[in-house]
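# Architecture at a glance
These are the residues of each chain, in order.
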Amino acid sequence: MVFLLTIGNPLMRKARAQFAHGFFGCAGYRVIDNIGFSDPAEAVRAAGEAEADIVVVCSSDEEYADYVPRINNMLEGKSILVVAGEPPCMEDLRSRGIDHFISLRSNLLETLVEYSRELGIY
């Protein structure tokens, strides 16, 4: 199950959530969308309660540098963390062990197969 962790800028989180929903939904993943969180801890709790296999952070490029490392720490590896987009801070996030990103440049089929393998589905 994919949990869309929507946080921050309302326009960007909505746009990225719609993209992520279509990205994972076309492969048959159950996707839980959210209207938005103001607190990362509350969002991570909700993802945990939903027993999310994949948590996709949907926010703005400017907010990812702050939110994503904190969310990653709170998830404690219980879910695959994915960032929707290719933010300027992507290399910094990669240096912190966050290496899952989806964007318009992603190869849809290859990326979905990769996640399915990681989850032991395929």
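This write-up is about the structure you can find in this document.

## Considerations on the pairing of strand E3 (residues 54–58)
- The element E3 is extensively covered by neighbouring structure, given that five of its five residues are classed as buried.
- On E3, burial covers both faces: Ile54, Val56 and Cys58 on one face and Val55 and Val57 on the other are all buried.
- In this structure, strand E1 (residues 2–6) lies alongside E3, joined through five bridges in parallel fashion. Paired with Leu5 across the strands is Val57, a residue of E3.
- Alignment of E3 against strand E4 (residues 80–84), held across four bridges, turns out to be parallel. What sits directly across from Val57, in E4, is Val83.

## A closer look at helix H2 (residues 40–49)
- Listed in full, the buried residues belonging to H2 are Pro40, Ala43, Val44 and Ala47. For H2, the buried positions fall inside an angular range of 95° around the axis, keeping them on one side.
- Those residues of H2 hidden inside the fold are in contact with E1, E3 and helix H3 (61–75).
- Once H2 finishes, Glu51 follows within two positions and takes phi at roughly 55°, a positive value.

So, how was this worked out
- Residues numbered from 1 in each chain as written.
- Predicted model: local features only at pLDDT ≥ 70, side-chain atom pairs only at ≥ 80, totals over all residues.
- Heavy atoms only, no water.
- Buried < 20%, exposed > 50% of the residue type's maximum accessible area, 1.4 Å probe, protein only.
- Helix = DSSP H or I, 4+ residues; strand = E, 2+ residues; numbered from the N terminus.
- Pairing = 2+ DSSP bridges.
- Arc of directions from axis to C-beta.
- Contact = heavy atoms within 4.5 Å.

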